[in-house]
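# Structure at a glance
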Amino acid sequence: CSVRIWQRPHVKAGGCYPLGAGHIAVTAIREIGWEAITPALARQSGFAGVVDLLKTAKHGRGEHVYLVEFEYRDGPTPTNAR
């Protein structure tokens, strides 16, 4: 999963986005409250703690917190998935 702080969502559930030799397939996205950003969620997202997560999650003037769930898949991005 990934936490992002945006003004509006930049991905959608069902969308596929190129990454390396494969792609990310977004399985779910939902807005969460700031209180949901816990040390456990930070670790689940691949960060050592909340401060590290927030340094990466904040984009521009974003105020809305989104939890993005995804899967990494090998191979090219499907052309009809965006």
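The paragraphs below set out a description of the structure included in this document. (Residues numbered from 1 in each chain as written. Predicted model: local features only at pLDDT ≥ 70, side-chain atom pairs only at ≥ 80, totals over all residues. Heavy atoms only, no water.)

## Points about the pairing of strand 4 (residues 64-74)
Selection criterion: Paired strands are those between which DSSP finds at least two bridges. For helices the rule is a DSSP run of H or I covering at least 4 residues; for strands it is a run of E covering at least 2, with both sets numbered from the N terminus onward.
As defined by bridge partners, strand 1 (residues 2-6) adjoins strand 4 across 5 bridges and the pair is classed as antiparallel. In the strand pairing of strand 4, W6 is matched with H64. Note that strand 3 (residues 22-32) and strand 4 share 10 bridges and pair antiparallel. Paired with A25 across the strands is E71, a residue of strand 4.

## Here's the deal with the nonpolar core
Heads up, the condition is: Only buried residues count toward a nonpolar core. Its members are Ala, Val, Leu, Ile, Met, Phe, Trp, Tyr and Cys residues joined through side-chain atoms within 4.5 Å. Exposure classes here rest on a 1.4 Å probe applied to the protein chains alone. A residue is buried below 20% of its type maximum, exposed above 50%, and partly exposed in between. Contacts are assigned to residue pairs with any non-hydrogen atoms lying within 4.5 Å of each other.
Residues V3, I5, I32, I37, L41, A42, L53, A57, V65 and L67 constitute the largest nonpolar core, which totals 10 residues. Listing elements by their share of this core, those giving two or more residues are strand 1, helix 1 (39-44), helix 2 (50-57) and strand 4. Among all residues touching I37, those that are not within four sequence positions of it are V3, V50, L53, L54 and V65.

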